[in-house]
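# Examining the three-dimensional arrangement
Residue strings, one per chain:
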Amino acid sequence: MADAARTAGQAADFETAIAECGFGLFNVFIMICSMPCLSAMVFSATAMSYVMPTAECELKLTLLDKGMMHAVTYAGMIISAIPWGFLADTMGRRLVLISGGWIDGICVLCAAMSQNSSQLMAFKFFDGFIICGPFAVVVSNLAEFHGKKHRHFVMLFIGLSVSIGALTITLLAYFLLPVHIYFNVGELHFHTWQIFLALTALPSLISGLLHIFLPESPKFLMSQGNYSKALSSLQRIYAMNKRKSRDSYPVNKHTSIYLDLIYLSDDQQITVLTDATPERPDSPEPIVNNSFRERFGQTKRKFSDGLMQLKPMFSSPYLGLSARVYCLHFCQIMCVNSVRLWLPQIFATMQTLQVNGIRDKSMCAVLDHNSNRRSNTAVLKEECDIHQQPETYTNNIIVAVVGLIGFLLFFPILRIRGVVNHILKVCLFICTFLVGGLYFADTMGTTLIISSIYLTIMGVCASTIIGMSVVVFPTLMR
């Protein structure tokens, strides 16, 4: 009788527990909530690419200033990476997604009210500083709410969301930036490009609002030893997906380090939730009731715990793996942004050359035109209220559409056994020749074709690297 009871018991780790939740309404809801955050990252990185051809005269931007406008956003991301990682791994994913979304939205609105290049550059730095956290966390958060069976679809969804975000901001530029808007509010002057920037704050604000309605990641809670809260989160997912009560969730008991199987009668079984982390109390003593010295000590211990989470990255077996992944991601981002961030400026300049009847539209001609434009003060005074024609943004829309279609075509191929092991090598090899081909492109059509294919393939590489990082690194190192 006892042996029969023992065979009835089952132990559930996270993968088993999340698999019991299935795929349903909750998963659709969390994907919808994640889309604004993924789009906000695209808006933050690329909004200035569309603003600068319109605002370059008013802000008196040189080529160096334009490069700095792009650079400060990424400088903020680089500086804030480790602090955001500490907050996400100690305070939780949900807090970062909510607070990060709202604070970033405020920073973008402040950037939209900037009256000179220095103010705009400062607020774009804080924009990058803040958005880095929610974007990095939302990728891990999505993966942690899905089991192995559906996790590869998460990477497809992330790639599609980024592509949709790129298409959305291009369409927004197409319909808004050619319109002449100018008004004053007190001493503040507002133009079309500032309205455009203000609208790019919406995804961040919406993301912060939507994540209020989502629970904390159960995998994060288990890694912190909060098994009761993890079980409650899993029960909520199960109830929404299965349309059943929370009490009917098969995993209905929590445990700590060891697999404590509970054996019942022959016709009953209970599954226990396990992980390799000691359980923490459900209701810790509030920090506010402690003295200043105790609160300082608790904060210091949390910070020390956060630093200890970096230790595995610099020791075996993750040191070599981390170095390769970071180097690969660095090179990929540098190569793709060298083209993507300047593409709206390149197409705007090519359109200007075409209107002026200049046949040479090579990269050298584009650079010469932009360099000479800043030195000609007479032209600046005459054309200081610049509004690009809608046709200027048509090529950018085509590039975004090609990228979206490319993800739909590439990711089914990645499910084929063996393909994923070689996709990065093949794609990066092809992109080497594509980016070199841009130097020899002397027409707008050739530049459009090469840049579309190049950015699509590099986008697939980026999603592949992010997906690889989620899989190979444990929860507290992501």
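Calculation notes
Counting of residues starts from 1 at the beginning of each chain's written sequence and follows it residue by residue. The predicted nature of this model means local features are confined to residues of pLDDT at least 70 and side-chain atom pairs, given and counted, to a pLDDT of 80 or more, with totals for whole chains, interfaces and linings taken over all residues. Hydrogens and water are ignored here; the side-chain numbers use all heavy atoms of the structure. Every helix listed is a DSSP run of H or I at least four residues long, and every strand listed is a run of E at least two residues long, numbered separately from the N terminus. Buried means the residue's accessible area, taken with a 1.4 Å probe over protein chains only, is under 20% of the maximum for its type, while exposed means over 50%, and partly exposed covers the values in between. Every residue pair with non-hydrogen atoms within 4.5 Å of one another is taken to be in contact. Only the protein chains shown count as cover for residues, with accessible areas throughout obtained via the Shrake-Rupley method and a probe of 1.4 Å. The arc in question is the one traced by the directions running from the helix axis out to the C-beta atoms. Pairing of aromatic rings covers Phe, Tyr and Trp, the last through its six-membered ring, and needs centres within 6.5 Å; plane angles under 30 degrees mean stacked, over 60 mean edge-to-face, and all others mean tilted. Salt bridges are identified by distance alone: a Lys or Arg side-chain nitrogen within 4 Å of an Asp or Glu carboxyl oxygen. In this text, buried Ala, Val, Leu, Ile, Met, Phe, Trp, Tyr and Cys residues form a nonpolar core when linked through side-chain atoms within 4.5 Å.

### Digging into the overall build of the protein chain
Helices and strands together make up the secondary structure of the protein chain, namely 19 helices and five strands. The buried share of the protein chain, reckoned over its 478 residues, is 49%. Across the protein chain, contacts joining residues at least 24 apart in sequence account for 77% of those joining residues at least 6 apart. Here the protein chain has roughly 23200 Å² of accessible surface; of this, 67% comes from carbon and sulfur atoms.

### A closer look at helix H9 (residues 202-210)
Along H9, the residues classified as buried are Pro203, Ser204, Ser207 and Gly208. Around the axis of H9, the buried residues are gathered within 135° of arc, so they sit on the same side. On its buried face, H9 sits against helix H3 (25-55), helix H5 (93-112), helix H6 (117-144) and helix H8 (192-199).

### Let's talk about the packing of aromatic side chains
Per the stated rule, a full pass over the model turns up nine aromatic pairs. With 5.0 Å between their ring centres and 90° between their planes, Tyr174 and Phe175 make a pair best called edge-to-face. Its relative accessible area of 27% is what places Tyr174 among the partly exposed residues. Among the aromatic side chains, those forming a connected cluster through ring pairs are Phe125, Phe126 and Phe129.

### Here's the deal with the pattern of salt bridges
All told, the structure shown has three salt bridges when counted by the stated rule. Taking the shortest distance from any N to any O, the salt bridge between Lys124 and Asp127 comes out at 2.9 Å. Linking Lys124 with Asp127, this pair stays in helix H6, spanning three residues, or about one helical turn. Exposure remark for Lys124: the relative accessible area of 3% places this residue in the buried category.

### Concerning the nonpolar core
Counting residues in each nonpolar core, the largest one holds 56 residues, and the members touching the most others are Cys21, Leu142, Ile158 and Tyr249. Considering every element that reaches this core, the biggest residue donor is H3, with nine residues. Excluding residues that lie within four positions of it along the chain, Ile158 makes contacts with Leu38, Val139 and Leu142. Listed in part, the 27 residues of the second largest apolar core include Phe347, Tyr454, Leu455 and Met458.

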